[in-house]
Amino acid sequence: MFPLFNALLAPFYPALGLYTLYRRFVQKKSAASFQGQWGHISPEMRAFGRTPHPKIWIHAVSVGETMAAKPILAALRAEMPDAKIALSSTTDAGRELAQKLLQNKEIDLCFGFPLDLPVAIVPVLNAIRPGAIGFVETELWPNLLHIAHKRQIATFLLNGRVSDNLLKTAPKLGPLWKWMSGNVTQFLMRGDDDAERLRSLGVAQEKIMVAGDVKLEAPLIDASLSRKQWRERLGLTNEQLVVAGSTHDGEEVMLLSAFATLREKMPSLRLALAPRHLDRAGEVARHIEAAHFRVARRSENAQPAEDAVYLLDSVGELADFYAAGDVALVGGTLIQRGGHNLLEPVVRGVPVVFGPSVDNFRPAAELILKHNLGEKTDESHLAETLKRWLERKDDDFAARVEGVLSPHRGAAQRMAKRIGEAVRGK
């Protein structure tokens, strides 16, 4: 299958080359991202590969997957203190967050993820020489999996989920899906539903383990200090704040409309917007101004006036920033994007509102709705839903969150243990 797949792929090499050049020079993606796509080997990668310690490569596409990987990285440190951990990213935002993890010594190397072409993959594997590779959530790459399998490198899908799209697409891929999935050492799935979906796609039971969802095992965070610091920075005392995080094109307009409606009845209410992709910050600022509000940017350390909307145009601060809010809305849910991490505000004591598109976070959405930690809404009911939660008093919210999440703990440790067993067994 490997020769056939790459023979079919070969005619697309020029198009891939042009696409990466377009990303680099038209979309202004970083040089590091461009180099990483074509398997550029840095001195740091070579040094990583030369170390005598066990080596583990974790791949997380962007910021969301990197945040999901964080507890797994910590568990790997505890499971294998002598191991060296590399983290790859596809996007510039993901790489920027990975750089922060490197500075904090949570990982030992970060680099750009290569294109799934032998010419890019082989140099990376030769340089960093991993004993195991873990792909966070949905990432499966045929060539990388095949070459890793041939080299007896253990491969894992971590916090695995099976999207509706994969459920429909995999059967159509036929031999390609069988070849690709067959090269995975083990699928460490987030829940029983995803494991059952994987079985329905023909993956052998012995390759599947329900390890739990690292996004549901998140501990309740004492966010009182973060709340105090952020609210002081924003100049808030008794004013209520709605934090809309990880928003996409189309959602900011909905939120600004709902906010304008709410302000007629709640004049002291404030709004903060944190777009999912920071290259949209200028566009979001224009939406804010078109809605007749001023813009206060985090990147300019601005303190918002009463008629301003706060624009959180920074990397890696959203999770703690949620603590400043009284109600949060998680983006990617009001449009068809599948949503983002619904628990980030909840574990910081902030109820969450979200739209109908939660395919990527069904377990969290079901948990939130079942235990009344938030509410699902849509564009037409957004203002009234936010108002209902802003007016709600729930002094037991944090205690209820702790009771709900405590049974899900240990997922990251189970994944780290399985990776450790594979690496030590080499």
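Since the model is a prediction, treat every value here as computed from it, not as a measurement.

Trainee: Where do I start with the nonpolar core in this structure?
Mentor: Side chains of a nonpolar character, in soluble globular proteins, are inclined to be buried together. Counting residues in each nonpolar core, the largest one holds 36 residues, and the members touching the most others are L241, Y310, F321, L342, V346 and I368. Each residue touching L342, except ones within four places of it in the same chain, is listed here: V330, T333, V352, F354, V358, F361, A364, A365 and I368. The next biggest cluster of nonpolar side chains, apart from the first, holds 34 residues, and it includes L109, I147, V162 and A195.

Trainee: Which parts of the structure should I look at to understand the sheet that holds strand β13 (residues 352-354)?
Mentor: Strand pairing in a sheet is mediated by backbone hydrogen bonds. Such pairs are either parallel or antiparallel. Ordered in space as β10-β11-β9-β8-β12-β13-β14, the seven strands form an open sheet in which the pairing is parallel. Edge strands, defined here as strands with exactly one partner in the open sheet, are β10 (294-297) and β14 (374-376). Across the sheet, the mean angle separating the axes of adjacent strands is 20° when strand polarity is ignored. The pairing of strand β8 (residues 241-247) with strand β9 (residues 270-275) spans six bridges and is parallel. From the neighbouring strand, V242 faces β9, where its bridge partner is L271. Across the face of the sheet, helix α14 (residues 281-290) comes into contact with β9, β10 and β11 (308-311) while running at roughly 145° to β10.

Trainee: Explanation requested: helix α13 (residues 251-265) in the structure shown.
Mentor: An α-helical turn contains 3.6 residues, so a residue and the one three or four places further along point in the same direction. Here α13 spans 22 Å end to end across 15 residues, near enough to the 21 Å set by a 1.5 Å rise per residue. Listed as buried for α13 are E251, E252, M254, L255, L256, A258, F259, L262 and R263. Where the residues of α13 are buried, they touch β8, β9, α14, β11, β12 (327-330) and α18 (382-391).

Trainee: Help me out: how do you make sense of the sheet that holds strand β6 (residues 186-189) in this one?
Mentor: Taken in spatial order, the seven strands of this open sheet run β3-β2-β1-β4-β5-β6-β7, and their pairing is parallel. Each edge of the open sheet carries a strand with a single partner, namely β3 (109-112) and β7 (208-210). Strand-to-strand twist in this sheet, taken as the mean axis angle between neighbours without regard to direction, amounts to 20°. Where strand β1 (residues 55-59) and strand β4 (residues 132-136) come together, four bridges link them in parallel fashion. When the bridges of β4 are listed, W57 appears paired with I133. Against the sheet, helix α4 (residues 43-50) makes contact with β1, β2 (84-89) and β3, and its axis sits at roughly 130° relative to β3, the strand it touches most. Where helix α20 (residues 411-424) meets the sheet, it contacts β1, β4, β5 (154-160), β6 and β7, and its direction lies at approximately 175° from that of β5.

Trainee: Looking at this model, I keep getting lost on the environment of R197. Mind explaining?
Mentor: You can see R197 is positioned in helix α11 (residues 192-200). Spatially, the C-alpha atoms of R197 and L166 are 9.6 Å apart, while their sequence positions differ by 31 residues. Setting aside residues no more than four positions away along its own chain, R197 makes contact with V162, S163, D164, L167 and R362.

Parameters and conventions
- Residues numbered from 1 in each chain as written.
- Predicted model: local features only at pLDDT ≥ 70, side-chain atom pairs only at ≥ 80, totals over all residues.
- Heavy atoms only, no water.
- Core = buried A, V, L, I, M, F, W, Y, C linked by side-chain atoms within 4.5 Å.
- Buried < 20%, exposed > 50% of the residue type's maximum accessible area, 1.4 Å probe, protein only.
- Contact = heavy atoms within 4.5 Å.
- Pairing = 2+ DSSP bridges.
- Helix = DSSP H or I, 4+ residues; strand = E, 2+ residues; numbered from the N terminus.
- Axes fitted to C-alpha atoms, helices over the stretch in contact; angles between N-to-C directions.
- Expected span 1.5 Å × (residues − 1).

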